[in-house]
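Fold and contact review
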Amino acid sequence: MKSGFIAVIGKANAGKSTLINVMVGEKVSIVSPKPQTTRNSILGVLTREEYQLVFVDTPGLYKSANRLTDIMMKTTDDAAKDVDFILYVHDGHAGIGEGDISLIKKYSSGKIPMAIAYTKTDIMPKENIASDAKILYENGVTCDVFPVSARKYHNIKKLEAYLAENMPEGEKVIADDIVSDKSEKFMVAEIMREKILLKFDEEIPHGVGIVINEFKRKDNGTYNINLDIVCEKANHKAILIGKQGRAIKEVSSFAREGMEKFLGAKVFLTTYVRVEEDWRNRPGLIKDIFVE
């Protein structure tokens, strides 16, 4: 039996969460086209008869902009220090620049073994794969590179087999029926945030947080969920609510459906929108929004 922890690291929107969701076979991380979609490290667990892979999803790599991004970068760096393997996810469609090489070399220079998942190969010219591999090699990057497409499931099984082979011998560290270490409350907040990011796209910046005020399972099996959507500006609040409240009703309905699918039960959802200026630099609010 082989088992181990794998830190999944890479730039924002490289496809880290999508890759983990596909490999694990369950939705354990939210996915949207926006940066800062993943704010906490989320475990995704893939258990087979011969091995267990425990993925640690991490926030995307950014330049420091505020207290929140500082926390996110520390989360990523901490995750990279206490694992058995690092899987660096690179958006192949975006090409390879000096900044990419610098980041890859930063995480491959330590004692922890690393491989590169070169993603989104289904939407890029195939000849770019070989040329980018050559660029990496010429710049001193010697770890294995796996061109993959999570959307098309291309090379996913091959990557899984490679990761399993590189895990240490040992017993399972997570029970067979667990696919994530995060609570239902945490995942409900993530579902709400995902639906906001998907619906409003460029209208609302990524500075939106979710505060869960009530998360209660009733005796009949249904859930009462009351939450605040926290934004940074009054005009963002107006966009989120929409004319005659239509936007907030639509996104809340969208989120409620996702919550019911995840929880396997009927959900009574109440949502409010409030403005907290510059909340990403306010430790107290950051703590409230980082649901455990």
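That block above? That's the structure.
A brief report on the enclosed structure follows. (Residues numbered from 1 in each chain as written. Predicted model: local features only at pLDDT ≥ 70, side-chain atom pairs only at ≥ 80, totals over all residues. Heavy atoms only, no water.)

**Quick word on the pairing of strand E7 (residues 209–217)**
Both E7 and strand E8 (residues 223–231) contribute to a ladder of eight bridges, which runs antiparallel. Bridge pairing in E8 links Ile212 to Leu227. Remark: five residues form the turn of the hairpin made by E7 and E8, two consecutive strands paired antiparallel; Gly221 in that turn has positive phi of roughly 95 degrees. (Pairing = 2+ DSSP bridges. Helix = DSSP H or I, 4+ residues; strand = E, 2+ residues; numbered from the N terminus.)

**Structural notes on the packing of aromatic side chains**
Going through the model one piece at a time under the given rule, you end up with three aromatic pairs. Look at Phe146 and Tyr162: their rings are 4.6 Å apart centre to centre, the planes differ by 55 degrees, and that puts the pair in the tilted class. Here Tyr162 lies in helix H5 (residues 156–165) and Phe146 lies in strand E6 (residues 145–147), a separation of 16 residues in the sequence. Given a relative accessible area of 9%, Phe146 falls into the buried group. (Phe/Tyr/Trp six-rings, centres within 6.5 Å; stacked < 30°, edge-to-face > 60°. Buried < 20%, exposed > 50% of the residue type's maximum accessible area, 1.4 Å probe, protein only.)

**Concerning unusual backbone geometry**
A positive phi is found at Lys120, a non-glycine position, where the angle reads about 65 degrees. Among the structural elements, Lys120 can be located in the loop between strand E5 (114–119) and helix H4 (127–138). Lys120 sits in the partly exposed class, given a relative accessible area of 26%. Even without being a glycine, Tyr153 presents a positive backbone phi close to 60 degrees. Along the chain, Tyr153 falls in the loop between E6 and H5. A relative accessible area of 40% places Tyr153 in the partly exposed class.

**Brief notes about the sheet that holds E8**
With mixed pairing, the three strands of this open sheet are ordered in space as E7-E8-E9. Looking along the sheet, the strands with just one partner apiece sit at the ends: E7 and strand E9 (267–275). Direction aside, the axes of adjacent strands within the sheet are offset by 15 degrees on average. Across the face of the sheet, helix H6 (residues 184–200) comes into contact with E7, E8 and E9 while running at roughly 135 degrees to E7. (Axes fitted to C-alpha atoms, helices over the stretch in contact; angles between N-to-C directions. Contact = heavy atoms within 4.5 Å.)

**Thoughts on the environment of Gly44**
On the secondary structure map, Gly44 appears in strand E2 (residues 42–47). Residues Gly44 and Ile6 lie 38 residues apart in sequence; the distance between their C-alpha atoms is 9.7 Å.

**A word on the pattern of salt bridges**
Under the definition given, this model contains 13 salt bridges. In this structure, Glu190 engages Arg193 in a salt bridge whose closest nitrogen and oxygen atoms are separated by 3.0 Å. Linking Glu190 with Arg193, this pair stays in helix H6, spanning three residues, or about one helical turn. With respect to class, Glu190 is no different from Arg193; both count as buried. Note that Glu260 is salt-bridged to Arg256, the shortest N-O span being 3.5 Å. Of the two residues, Glu260 and Arg256 both sit in helix H8 (residues 246–263), four residues apart, roughly one turn of that helix. (Salt bridge = Lys/Arg side-chain N within 4 Å of Asp/Glu carboxyl O.)

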